[in-house]
Amino acid sequence: MKSIIRKFLSLSLAVVLAAAPLNAFASDALGDDLASSSVEVNERTELNAGTFWSNTYSDLRQENYVVYSPNARVKPIVSGGDYTTQLTTVSTAAKKLEARGYRVVAGINGDYYDTATGIPLGSMMTEGVLRNASSEYYAIGFRDDGSTVMGKPSLRITAQSDYGRSLTVTAFNYVRQSSFGIYLYDSTFNARATTGTSEEGVDVVCSAVGGSLGLNGSLTLVVEQVIEGGKDTPVGAGQYVLSSNLKAAGYVEQLRALQSGERLTLSVSANGSEWNGVTNMIGALYQLVDNGQVCSGLVNGAAPRTAVGLKRDGSLVLYTIDGRQSGYSIGATLTQVAERMVELGCVTALSLDGSGSSPDSTVSTLVDKPSGGSERAVTNHIFLVADSRPTNSVGHVYLESESTRVLPNAQVKLTATALDTNYIPMANSNVSLRADKGTIDGDVLAGRDAARRQGHDRRQCPDRARLRHRDGDGERGRRERADEDRCHHAARQHQRQAERQGRERYHAQRGRDGDADRLGDVPPFAGARRQQGLYLDRAGQCRHDRKRRVYGVRQHRQRQRDGEPRPHFRDGPCDGDGARPAHARRL
């Protein structure tokens, strides 16, 4: 085991100082970024999490998303219930996939659906076979190599008779409309294995004799009987039923013309060659991003959201944001989600069912926090799956910490787990922890006190801990520690020299002005301290004023434009002769 792993993993510990401001990165879509994390959960597949502060609502937003790049180890698939109208949660569907031998890497909600019937709005295909189909709405398609296509496939199902007749099927396993269309059903439409129709129509019962209903494939049927006035007609295993409402003039006549024993060949085609090779498909109601631009006319209202996006390099983004939970996550509008998908690099993005649930699952563990307190069952899902067979060959080490920050002399618990080449945890990993800075006692890392260190700048060189196997404590480790000590020493010397020069200039200026004890004089500290607008009060204490800093920078830039000489105190809130303006003197 010692000779297998030749890797070092590092954990950076941010030393939190009360006087040091926390820098926040901003998302134009969601607000200020308070915290973020990223972890590789499988081959070229990363789980990311982010917490944002909305200045508009003065509340939090919590997002989770997976970025997947197509590879041979992980592939995207679509999953649904045992029949079209069955609703299942992401966690339940993940357990079923694991029972079939898959290792679930991640999963999210799928298409919107009719809450009265459970029928998805768009089309769905699994393992190359259509489960239901509609010519409306957008769709996401996955090929066996992991590549993705998004858009409107506009599926078309046609039936060609060996008697020369031709029929166009309006939809497959879908709610039959009263006034138009020919609809196709199989035994997986509902739990009763019927057509589910409530009004009388003409039903043609057929038996399948070859092929399957998939893209660019064909299904061969033989007519068994034509039922006049059929309603909720049973569909047996291996059977299909063509149905039309009696009110749909023109369509019922086409079905009445069919004869027992007549052979029908059904084929499915999509609008565009980009859909060739798609074996898994799921519908989507709204398009959020088109060619890198946010789409207009999206519905308003902050809510839990689920989306899927495609980057220019072919990477797939499975995105969720929790909502309707004040103090945890208020959610987002579809426009905000679209803007966020653009920020993440998506050139195309579609919206999936997110209202009330938006679950994001990794290895059957729920990552999101559903707004209703528990997962809501939905019609179908998107999953990333991998091989579940252990290889017993170490490939990775996964490091977890109970906190991302540690105070001086505080402690944080670490957990290191060895994973095999299929990212499956290994029972006997024999991983040991060693720290370059701070101390480790068992699985607990303690930050070193600033007074015991050599006075180097924490902001430049924070305490770092390195995870090593037992063979990582040799000459290479000693060289790394020596190089790091030289880095700390150089940073310390640079800091001391800069502050000494700043003090010398400050005291020299006090001697020239004769009134340097006036409230608010600005010592020209070097580097970040001067830029942060620090100055001394009457008691000689260092104080901070962002408005003074901003004012001083603007004054300096304006003088540069006007060609005036620099003030005595660089970047300080003073006018040209070294005195501060009156309105900048108050604390």
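Residues numbered from 1 in each chain as written. Predicted model: local features only at pLDDT ≥ 70, side-chain atom pairs only at ≥ 80, totals over all residues. Heavy atoms only, no water.

Focus on the overall build of the protein chain
Quick note on the threshold: In DSSP terms, a helix is any run of H or I states spanning at least four residues, a strand is any run of E spanning at least two, and both are numbered starting from the N terminus. We call a residue buried when its accessible area falls under 20% of the maximum for its residue type, exposed when it is over 50%, and partly exposed in between, using a 1.4 Å probe and counting protein chains only. In what follows, residue pairs with any heavy atoms lying within 4.5 Å of each other are defined as contacts. Computed by Shrake-Rupley with a 1.4 Å probe, the accessible areas treat only the displayed protein chains as cover when residues are assessed.
Secondary structure assignment for the protein chain yields six helices and 37 strands. Counting only residues that meet the buried cut, the protein chain has 48% of its 587 residues in that class. A sequence separation of at least 24 residues applies to 68% of the contacts in the protein chain between residues at least 6 apart. Taken as a whole, the protein chain presents about 27700 Å² of accessible surface, with 46% of it coming from carbon and sulfur.

A word on the pairing of strand 32 (residues 411-420)
Our working rule: In short, DSSP must find at least two bridges between two strands for them to pair.
In this structure, strand 30 (residues 394-401) lies alongside strand 32, joined through seven bridges in antiparallel fashion. Its bridge partner being in strand 32, Glu-400 is matched across the sheet by Thr-415. In terms of strand pairing, strand 32 meets strand 34 (residues 444-446) through three bridges, oriented antiparallel. In the sheet register, Gln-411 faces strand 34, and the bridge partner there is Ala-446.

Section: the packing of aromatic side chains
This is how the line gets drawn: Stacked, edge-to-face and tilted are the three classes for Phe, Tyr and Trp ring pairs, Trp counted by its six-membered ring, which pair at centre distances within 6.5 Å; planes under 30 degrees apart are stacked, over 60 edge-to-face, the rest tilted. Either the NZ atom of lysine or the CZ atom of arginine qualifies as a charge over a ring when it sits within 6 Å of the ring centre and within 35 degrees of the ring normal.
As enumerated under the stated definition, the model contains four aromatic pairs in all. Positioned over the ring face of Tyr-138 is Lys-152, at 5.1 Å from the centre of the ring.

Things to note about unusual backbone geometry
Its identity is not glycine, yet Tyr-137 carries a phi of approximately 70 degrees, on the positive side. Summarising the element assignment, Tyr-137 is placed in the loop between strand 10 (129-134) and strand 11 (138-143). Tyr-137 gets classed as partly exposed once you look at its relative accessible area, which sits at 27%. Here the phi dihedral of Asn-173 falls at roughly 50 degrees; this positive angle occurs in a residue that is not glycine. Of note, Asn-173 is situated in the loop between strand 15 (171-172) and strand 16 (183-186). For Asn-173, a relative accessible area of 0% translates into the label buried.

Side note on the confidence of the model for the protein chain
Note the threshold: For every residue, the predictor assigns a confidence score, pLDDT, that lies between 0 and 100.
Residues of the protein chain with pLDDT of at least 70 account for 68%, and the chain-wide mean is 78. Considering only residues more than four positions removed or in separate chains, one finds that residues 566-587, a stretch of pLDDT under 50, has 57 contacts.

Let's talk about the environment of Leu-285
By the secondary structure assignment, Leu-285 is in the loop between strand 21 (278-284) and strand 22 (286-290). The residues contacting Leu-285, other than those within four sequence positions of it, are Asp-111, Tyr-112, Leu-121, Tyr-137, Tyr-138 and Ser-351.

Quick look at the side chain of Asn-245
Heads up, the condition is: Counted as a polar contact is a pair of N or O atoms within 3.5 Å, where, for protein atoms, one must be capable of donating a hydrogen and the other of accepting one, and residues adjacent in sequence contribute only when both atoms are in side chains.
With respect to the helices and strands, Asn-245 occurs in strand 19 (residues 239-245). Within the structure, Asn-245 has its side chain in polar contact with the side chain of Glu-199 (distance 2.9 Å). Here Asn-245 is in contact with Arg-176, Gln-177, Ser-178, Glu-199, Glu-200, Gly-201 and Val-252, once residues within four sequence places are set aside.

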